[in-house]
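Okay, here's what each chain looks like letter by letter:
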Amino acid sequence: MTLLTIATTQMPCTWDLPGNLDRAEQLVRDAAQQGAQVVLLQELFATPYFCIEQNHQHMALAEEYRDSRVLARFAALARELGVVLPLSWFEKAGNAYFNSLAVADADGRLSGVYRKTHIPNAVGYQEKEYFSPGDSGFKVWDTAFGRLGVGICWDQWFPETARCLALMGAEVLLYPTAIGSEPGNAALDSRDHWQMTMRGHAAANLLPVVASNRVGREVASTDPHLQMSFYGSSFISDHKGQLLAVADRDSSGVLVHSLDLAAMREERLSWGIYRDRRPDMYGALLSQDGRHLHARWNTQGV
């Protein structure tokens, strides 16, 4: 694959669940009409961001991989349009629940599941109430239009996620997202920090990054004072972290851009950042406190 035309999208979500799917489908169709081969939809696009609150009734939104109506509908859409769709959904697996993603290839085939590795917990982002930590390991997908590495939302804040996906051969890093205002800190606007963190992953790994975020205001069903405004700002960056396309904070829409994957591959080779890695020196990453596991205990026992 040399040239990849990729799209990112953003839209509001409501409790009109069929309406969410209709809006997402229209965005995919719009992107395909503009020549997109891969189209990224936002995190949990089939529903409002129910993690704004703790309410066990929302567990009924989860669907099993093999029986998911959301996955079936959008896999059929991928086949119809000949596009690749990374699809974020709320997964039920026996008695476990995950924030998960499957990739529908251009022939409509679903190729396995990635379960979100890092699960946040904060006011308005109560994901630990609903999701177990992912047990799938990181995933990279070979598709009709390139090798895609995908993390989900909170994963995007961790350089380890991006580096693992890069080492597994990803040609593009994609992050479906749900982020906006902070009900626990009304003065905080994380938009620029959010973008810069992922642009740093692009520059450090010499890989393009694509992010999709939702827009609109959502209100908790149990407490009308608990509200969030999602800030959109979905973007496509090149392999050096430069913004190629960026959406505003409020509008639904599609961004499309073509990436020269072959040229980016050559630059990765010329920089030597993978050649010069020293994984034997990175043992501190395997511990919570930053000490090498084999040197955890010295003669004083500390």
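Residues numbered from 1 in each chain as written. Predicted model: local features only at pLDDT ≥ 70, side-chain atom pairs only at ≥ 80, totals over all residues. Heavy atoms only, no water.

- By the naming in an unreviewed UniProt entry, the protein is N-carbamoylputrescine amidase, taken from Pseudomonas monsensis.
- Taken verbatim from the UniProt record of the protein, the Sequence similarities (unreviewed entry) comment is "Belongs to the carbon-nitrogen hydrolase superfamily." (UniProt positions renumbered as here; feature names shortened; annotations may be inferred.)

Some details on the pattern of salt bridges
Here comes step 1: Summed over all chains, the structure comprises 21 salt bridges.
Here comes step 2: Residue Lys-92 is joined to Glu-64 by a salt bridge in which the shortest nitrogen-to-oxygen separation is 3.9 Å. In this pair, Lys-92 sits in strand β3 (residues 85-93) while Glu-64 sits in the loop between β2 (38-40) and α2 (69-81), placing the two residues 28 residues apart along the sequence.
Here comes step 3: For Lys-92, a relative accessible area of 27% gives the class partly exposed.
Here comes step 4: Each of Asp-22, Glu-25, Arg-29, Arg-73 and Glu-80 takes part in a single network of salt bridges with overlapping partners. (Salt bridge = Lys/Arg side-chain N within 4 Å of Asp/Glu carboxyl O. Helix = DSSP H or I, 4+ residues; strand = E, 2+ residues; numbered from the N terminus. Buried < 20%, exposed > 50% of the residue type's maximum accessible area, 1.4 Å probe, protein only.)

A few points about unusual backbone geometry
Here comes step 1: Phi at Leu-44 takes a positive value of approximately 50 degrees, unusual for a residue other than glycine.
Here comes step 2: Position of Leu-44 relative to the elements: it lies in the loop between β2 and α2.
Here comes step 3: Despite not being glycine, Ser-233 shows a phi value in the positive range, around 60 degrees.
Here comes step 4: In this structure, Ser-233 sits in the loop between β11 (227-231) and β12 (235-237).

As for helix α4 (residues 191-205)
Here comes step 1: The end-to-end C-alpha distance of α4, which contains 15 residues, comes to 22 Å, matching closely the 21 Å that a straight helix rising 1.5 Å per residue would cover.
Here comes step 2: Taken residue by residue, α4 has Arg-191, Trp-194, Gln-195, Thr-197, Met-198, Arg-199, His-201, Ala-202 and Asn-205 as its buried positions.
Here comes step 3: At the C-terminal side of α4, Leu-206 shows a positive phi close to 55 degrees. (Expected span 1.5 Å × (residues − 1).)

Things to note about the confidence of the model for the protein
Here comes step 1: Of the residues in the protein, 96% reach a pLDDT of 70 or more, and the chain-wide mean stands at 95.
Here comes step 2: When mean pLDDT is compared element by element in the protein, β2 scores highest at 99, while strand β5 (residues 110-115) scores lowest at 96. (pLDDT = per-residue confidence, 0-100.)

Observations regarding the packing of helix α1 (residues 17-33) against α2
Here comes step 1: Running from amino to carboxyl end, α1 crosses α2 at an angle of 20 degrees, the nearest separation of the two axes being 11 Å. One way to sum up the angle between α1 and α2 is to call them roughly parallel. Every pair of crossing elements has a handedness; the one defined by α1 and α2 is right-handed. Listed contacts from α2 to Leu-21, Asp-22, Ala-24, Glu-25, Val-28, Arg-29 and Ala-32 of α1 are Val-70, Arg-73, Phe-74, Leu-77, Glu-80 and Leu-81.
Here comes step 2: Its residues assigned to classes, the contact of α1 with α2 shows 8 nonpolar, no polar and 5 charged. (Axes fitted to C-alpha atoms, helices over the stretch in contact; angles between N-to-C directions. Parallel < 35°, antiparallel > 145°, perpendicular 65-115°, else oblique. Left-handed = near helix turned anticlockwise from the far one by under 90°. Contact = heavy atoms within 4.5 Å. Nonpolar A, V, L, I, M, F, W, Y, C, P; charged D, E, K, R; others polar.)

What about the sheet that holds β2?
Here comes step 1: Sheet architecture is open: 3 strands sit in the order β2-β1-β14, paired in mixed fashion. With partners counted over all chains shown, the strands left at the sheet margins are β2 and β14 (253-260), one partner each. On average, adjacent strands in this sheet sit at an angle of 20 degrees to one another, irrespective of strand direction.
Here comes step 2: Note: strand β1 (residues 3-10) against β14, 8 bridges, orientation antiparallel. Across the sheet, the residue bridging to Thr-5 is Ser-258, located in β14.
Here comes step 3: Against the sheet, helix α5 (residues 261-271) makes contact with β1 and β14, and its axis sits at roughly 60 degrees relative to β14, the strand it touches most. (Pairing = 2+ DSSP bridges.)

Thoughts on the sheet that holds β12
Here comes step 1: Spatially, 6 strands are ordered β6-β7-β8-β9-β12-β13 in an open sheet, and the strand pairing comes out mixed. Looking along the sheet, the strands with just one partner apiece sit at the ends: β6 (140-143) and β13 (243-246). Neighbour to neighbour, the strand axes of the sheet diverge by 20 degrees on average, direction disregarded.
Here comes step 2: Strand direction decides the pairing type here: strand β8 (residues 172-176) and strand β9 (residues 209-212), joined by 4 bridges, are parallel. Its bridge partner lying in β9, Leu-174 is registered against Val-210.

Some words on the packing of aromatic side chains
Here comes step 1: Following the criterion strictly, the structure yields 15 aromatic pairs and no others.
Here comes step 2: Aromatic pair Tyr-49 and Tyr-125: ring centres 5.8 Å apart, planes at 55 degrees, arrangement tilted. Here Tyr-125 lies in the loop between β5 and β6 and Tyr-49 lies in the loop between β2 and α2, a separation of 76 residues in the sequence.
Here comes step 3: Considering the side-chain rings of Trp-194 and Tyr-231, the 5.7 Å spacing of their centres and the 65 degrees angle between planes classify their relative orientation as edge-to-face. Linking Trp-194 in helix α4 with Tyr-231 in strand β11, this pair joins segments that are 37 residues apart in sequence.
Here comes step 4: Taken together through their ring pairs, the aromatic side chains of Phe-50, Phe-90, Tyr-97, Tyr-130 and Phe-131 make up a single cluster. (Phe/Tyr/Trp six-rings, centres within 6.5 Å; stacked < 30°, edge-to-face > 60°.)

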